[in-house]
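# What the coordinates show
The lines below spell out each chain.
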Amino acid sequence: MKQFFIILISFSTFISGCKYQKNNYTDQEVIQEIFTEALSNNEAYQNLKYLTSNFPKRLACYPQGIEAAKWTKQIMDNMQPDTVFLQEIQVMNWKRGNIEIAEIKNKKDKIPVNVCALGRGIATGDSGVEAKVVEVNGIDELKALSKDQVRGKIIFFNQAMDSNLENPFQAYGKAAGQRFVGPMLAAEYGAKGTVIRSLTTSIDTFPHTGTTQKAPADKTVPSVAIATQHADLLSKLLKQNPELTFYFKTNCKNLLDTTSYNTIGEITGTEYPDQYIVVGGHLDSWDNSPGAHDDGGGCMQSIEVLRIFKAIGYQPKHSIRAVMFMDEEISQGGGKTYASEAKRKAEKHIFAIESDRGVTKPIGFSFDANDEIIEKIKSWNTLFKPYNIEIFEKGGGGVDIGPLKQQGTPLAGLLTNPTHYFDWHHSANDTFNHIDKEDMQNGAAAMTALIYLIDKYGL
Ligand SMILES: [Zn+2]
């Protein structure tokens, strides 16, 4: 029997009704109350500790992903919002199988290195893959080679994330092509496999996984991500001995699609119960990771938004939903199904915000909306200054809320300090000890404050 952290709500404030309307609270005062409440509470932080300890490696298609969804429903049930439910979804079904092995074979030395298979990728088979190595700095360098130079070799994509770029998300975007399309391109050139430098700016021994494009076995090749420290070693040894070989064995499988669940909790609006504001994150994590920053933290912040509204006794006019999307990492089944169900039920979504950039110190918001809406939201920015939340810019919302855009929903993403996010991202290093409680709670408060303003004034 698992022990749940019970979320206690102060009913004394809740039964007082809309005290904020009756007592002419200023927005400044309400927002101060939101931040004070967030910083005085421990539940989201403890719940994240529980989630990461008891449900690590929770890919949507894994049993622990489904157990995590049921547990999340339970903690929201305990909080007693108006509705809590699981929403059935279909997801791609990729399983890693046994842990991967790899080694650099350099003359008489066999040097073990840390690798992991890529999501949706194919396996090597029992005998593994061994070949000489061609190192390239990204997909353009591979395109410049002839098929004769590549045939039968292992392509080593060693493009590093550019640490000179101020925003690591930009650096990630620039280097991610080698992981996403690299294996298929390598297949086109007749390679036997690919080894891809992990997408992180830190030099360490954690392989960082991620998806690659799904393809039939004759259109792609077995591929692994290699830890940056070992990528540097391979590159150095290759310069000394271009004849060395690389061996790796992976055991992953692409199976038939399977069922998983989004988890949804809702406070029903007093004036517009059929109009929705969504705050969410994704509950699934990679299967080599506890998924603390990506994105257990964003999920616990989203639940915290509901808790804060209840705790301070604010009754929203619109329905507020905390949505723990499932399957962001592999096939985005959760976000797609949520949006299609919203359309089918004619649920008008007036705003959606996602926290999926790590739960470090909040610094602002990015908005995927028309200019008029962005200008309106920007006019509230002075209310956030006391909390050092200063960036209000046009940009992305989030992968999971993205499909709502087709229905005209304005989207936003919580921006947080990105400096160390990719040290942890998609690896075993994404652990609870890297979570700062105050930063996480401030992020939840920032989203609560923005939702409060949108609920009150509309968009
Ligand atoms: Zn994520």
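What counts, and where the lines are drawn
Residues numbered from 1 in each chain as written. Predicted model: local features only at pLDDT ≥ 70, side-chain atom pairs only at ≥ 80, totals over all residues. Heavy atoms only, no water. Pairing = 2+ DSSP bridges. Helix = DSSP H or I, 4+ residues; strand = E, 2+ residues; numbered from the N terminus. Donors = N, O, S within 2.8 Å, 3.2 Å for Na, K, Ca; no water. Tetrahedral: all angles 85-135°; square planar, octahedral: opposite > 155°, others 65-115°. Salt bridge = Lys/Arg side-chain N within 4 Å of Asp/Glu carboxyl O. Buried < 20%, exposed > 50% of the residue type's maximum accessible area, 1.4 Å probe, protein only. Core = buried A, V, L, I, M, F, W, Y, C linked by side-chain atoms within 4.5 Å. Contact = heavy atoms within 4.5 Å. Axes fitted to C-alpha atoms, helices over the stretch in contact; angles between N-to-C directions. Parallel < 35°, antiparallel > 145°, perpendicular 65-115°, else oblique. Left-handed = near helix turned anticlockwise from the far one by under 90°. Nonpolar A, V, L, I, M, F, W, Y, C, P; charged D, E, K, R; others polar. Phe/Tyr/Trp six-rings, centres within 6.5 Å; stacked < 30°, edge-to-face > 60°. Lys NZ or Arg CZ within 6 Å of the ring centre and 35° of its normal. 1 Å grid on protein atoms, 1.4 Å probe; cavity = no way out; pocket = protein on both sides within 12 Å on 5 of 7 lines; lining within 4 Å. Points joined across faces, edges and corners; volume = space filled by probe spheres on them. Disulfide = S-S within 2.5 Å.

### Brief notes about the pairing of strand S5 (residues 129-136)
For S5 and strand S9 (residues 245-249), the ladder comprises four bridges, and the chain directions are antiparallel. Each residue of the ladder has a partner; that of alanine 131, found in S9, is phenylalanine 246. Pairing of S5 with strand S6 (residues 154-157), which is carried by four bridges, proceeds in the parallel orientation. Bridge assignment links glutamate 135 to a residue of S6, and that residue is phenylalanine 156.

### What about the coordination of the zinc ion?
Geometrically, a metal with four donors at the corners of a regular tetrahedron has ideal angles of 109.5 degrees, and one with six donors at the corners of a regular octahedron has ideal angles of 90 or 180 degrees. At the metal site, the zinc ion is ligated by His282 (NE2), Asp294 (OD), Asp356 (OD) and Asp356 (OD), and these contacts range over 1.9 to 2.7 Å. Between the four donor atoms coordinating the zinc ion, the angles at the centre fall across 51 to 146°, so the site counts as irregular. Each donor residue of the zinc ion belongs to the same chain, and together they define the spacing H-x11-D-x61-D. Within this pair, whereas histidine 282 is found in strand S11 (residues 272-282), its partner aspartate 356 is found in the loop between strand S13 (348-354) and strand S14 (362-368), the two being separated by 74 residues in sequence.

### As for the pattern of salt bridges
Counted according to the given criterion, the structure contains 19 salt bridges. Taking the shortest distance from any N to any O, the salt bridge between lysine 73 and aspartate 77 comes out at 3.0 Å. Residue lysine 73 and its partner aspartate 77 are both found in helix H5 (residues 63-79); the two are separated by four residues, about one turn of the helix. Under the relative-accessibility criterion, lysine 73 is labelled partly exposed at 24%. A salt bridge links lysine 378 to glutamate 375, with the nearest nitrogen and oxygen atoms 3.9 Å apart. Here the residue lysine 378 and the residue glutamate 375 both occupy positions in helix H14 (residues 371-378), the gap between them amounting to three residues, near one helical turn. You can call glutamate 375 partly exposed: its relative accessible area is 49%. Among the charged side chains, a salt-bridge network with shared partners connects Glu37, Glu43, Glu304 and Arg307.

### Section: the nonpolar core
Judged by nonpolar contacts, the single largest core of 77 residues is most densely connected at Met300, Ile353, Phe365, Phe384 and Leu450. When residues in this core are grouped by element, the largest group, 10 residues, is from helix H16 (residues 437-457). Among all residues touching isoleucine 353, those that are not within four sequence positions of it are Val278, Val279, Gly280, Phe365, Ile401, Ala412, Gly413, Leu414, Met447, Leu450 and Ile451. Of all hydrophobic cores here, the second largest spans 19 residues; its members include Val115, Phe156, Leu237 and Phe248.

### What to know about the packing of helix H4 (residues 43-54) against H5
At a closest axis distance of 11 Å, the pairing of H4 and H5 adopts a crossing angle of 160°. Put simply, H4 runs roughly antiparallel to H5. Handedness of the crossing formed by H4 with H5: right-handed. Seen from H4, the contacting residues are Asn47, Tyr50 and Leu51; seen from H5, they are Ala68, Trp71 and Ile75. Of the residues belonging to the contact of H4 with H5, the class tally is five nonpolar, one polar and no charged.

### Observations regarding the packing of aromatic side chains
Counted according to the given criterion, the structure contains 20 aromatic pairs. Aromatic pair tryptophan 94 and tryptophan 286: ring centres 6.4 Å apart, planes at 80°, arrangement edge-to-face. On the criterion of sequence distance, the pair formed by tryptophan 94 in strand S1 (residues 83-95) and tryptophan 286 in the loop between S11 and helix H12 (292-312) is long-range, its members being 192 residues apart. Just as tryptophan 94 is buried, tryptophan 286 falls in that class too. Three or more aromatic residues joined by ring pairs make a cluster, and in this case those are Phe169, Tyr172, Tyr421 and Phe422. Sitting over the ring of tyrosine 247, lysine 105 keeps its end group 5.2 Å from the ring centre.

### Focus on the sheet that holds strand S10 (residues 253-267)
The strand order across the open sheet built from eight strands is S1-S10-S12-S11-S13-S16-S14-S15, with neighbouring strands paired in mixed fashion. Whereas interior strands pair on both sides, the edge strands pair on one side only; in this sheet they are S1 and strand S15 (391-394). Across the sheet, the axes of successive neighbouring strands diverge by a mean angle of 20°, strand direction being ignored. Relative to S10, S1 is paired through 12 bridges, and the arrangement is antiparallel. The residue of S10 that forms the bridge with phenylalanine 85 is isoleucine 264. In the packing of H5 onto the sheet, contacts are made with S1, S10 and strand S12 (318-325), and the angle to S10 comes to roughly 5°.

### What about the layout of surface pockets?
Reported here for the largest pocket is a volume of approximately 490 Å³. Taken together, 23 residues form the lining of the largest pocket, with Tyr172, Glu328, Asp356, Val399 and His425 sitting closest to its centre. Elements represented by at least two residues in the lining of the largest pocket include exactly helix H8 (168-175), helix H9 (177-180) and helix H15 (421-424). When its residues are assigned to classes, the lining of the largest pocket shows seven nonpolar, nine polar and seven charged. If you add up the space inside the second largest pocket, you get close to 290 Å³. What lines the second largest pocket is a set of 18 residues, and nearest its centre among them are Ile99, Glu100, Val115, Pro207 and Asn288. Every element with two or more residues in the lining of the second largest pocket is listed here: strand S2 (101-106) and strand S4 (115-117).

### A short note on the sheet that holds S2
Read across the open sheet, the eight strands follow the order S3-S2-S9-S5-S6-S7-S8-S4; overall the sheet is mixed. In this open sheet, the two edge strands, each paired with only one partner strand, are strand S3 (109-112) and S4. On average, each strand axis in the sheet is tilted by 30° relative to the strand beside it, whichever way the strands run. When strand S7 (residues 193-197) meets strand S8 (residues 223-226), the two strands line up parallel, connected through four bridges.

### Re the state of the cysteines
This structure, assessed with the given rule, holds zero disulfides. Counting only cysteine sulfurs, cysteine 252 is the nearest neighbor of cysteine 61, a cysteine outside any disulfide, at a range of 12 Å. Take cysteine 61: its relative accessible area is 8%, and that puts it in the buried class. For cysteine 299, which is in no disulfide, the shortest distance to another cysteine sulfur is to cysteine 61 and amounts to 17 Å. The exposure class of cysteine 299 is buried, given its relative accessible area of 0%.

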